[in-house]
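Residues per chain, in single letters:
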Amino acid sequence: QVQLMESGGGSVQAGDSLRLVCSVSGGTFSKLAMGWFRQAPGKEREFVAAISWASGRTFYADYVEGRSTVARDNSKATVSLQMNNLTPEDTAVYYCAARDRNLGTLNMAVRTLSYGYWGRGTQVTVSS
C-alpha cells in the first residue's frame, strides 16, 4: 500500500522559511495526486495546497497563496511544500496526503475525504 512520510518541520521564527518534503513509497507516484493539510490543537484539519498527478496543476488555500509553493518530483517520488514568511498562525502539524485518482478542481482538493492515504505529520512551530 501507499506510505507517506513527512520531513522538514521544526521550530522557526516569524518571517523564516521552511521546506517540507513528503516521501512516497508503495505505489506509483506519478499516478497519485498529492495534498498538504495542517491541524493545530483544537482546530479542524485544513487544506494548505495540492498538486495533480498528470498535469501538475496546483491548488492553494487563500491564506498561503503567494508565499507557498507545492511541487512534485516524479523521479524521486517526493512532493514538497515551500513556505515563506511564516507566522505564528502557521503553527500546526502538517500532513501529506495522497489520492489514487486525479484532482481536477479546488473543491475536490480541499476535502480530506478526497484522499485515501495520510502521513503521520511533521510539526511546524513559528514563534514571534
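Heads up: these notes are all about the structure in this document. (Residues numbered from 1 in each chain as written. Predicted model: local features only at pLDDT ≥ 70, side-chain atom pairs only at ≥ 80, totals over all residues. Heavy atoms only, no water.)

**Focus: the nonpolar core**
Argument step 1. Core analysis: the biggest nonpolar cluster contains 38 residues, and Met34, Trp36, Val79 and Leu81 have the highest contact counts within it.
Argument step 2. Mapped onto this core, the elements with two or more residues apiece are β3 (18-25), β4 (33-39), β5 (46-51), β6 (58-60), β8 (78-83), β9 (92-99) and β11 (122-127).
Argument step 3. Here Met34 is in contact with Leu4, Cys22, Val24, Phe29, Ala50, Ile51, Arg72, Val79, Cys96, Ala97, Ala98 and Tyr115, once residues within four sequence places are set aside. (Core = buried A, V, L, I, M, F, W, Y, C linked by side-chain atoms within 4.5 Å. Buried < 20%, exposed > 50% of the residue type's maximum accessible area, 1.4 Å probe, protein only. Helix = DSSP H or I, 4+ residues; strand = E, 2+ residues; numbered from the N terminus. Contact = heavy atoms within 4.5 Å.)

**Topic: the pattern of salt bridges**
If charged atoms from side chains of opposite charge come close, those side chains can pair.
Argument step 1. In total, this model carries 4 salt bridges according to the counting rule given.
Argument step 2. The partner of Asp90 in a salt bridge is Arg38, with the nearest N and O atoms 2.8 Å apart. Here Arg38 lies in strand β4 and Asp90 lies in the loop between β8 and β9, a separation of 52 residues in the sequence. Each member of the pair, Asp90 together with Arg38, is buried.
Argument step 3. Residue Asp100 is joined to Arg101 by a salt bridge in which the shortest nitrogen-to-oxygen separation is 3.4 Å.
Argument step 4. The exposure class assigned to Arg101 is exposed, which follows from its relative accessible area of 55%.
Argument step 5. The structure contains a network of salt bridges with shared partners spanning Arg38, Glu46, Arg67 and Asp90. (Salt bridge = Lys/Arg side-chain N within 4 Å of Asp/Glu carboxyl O.)

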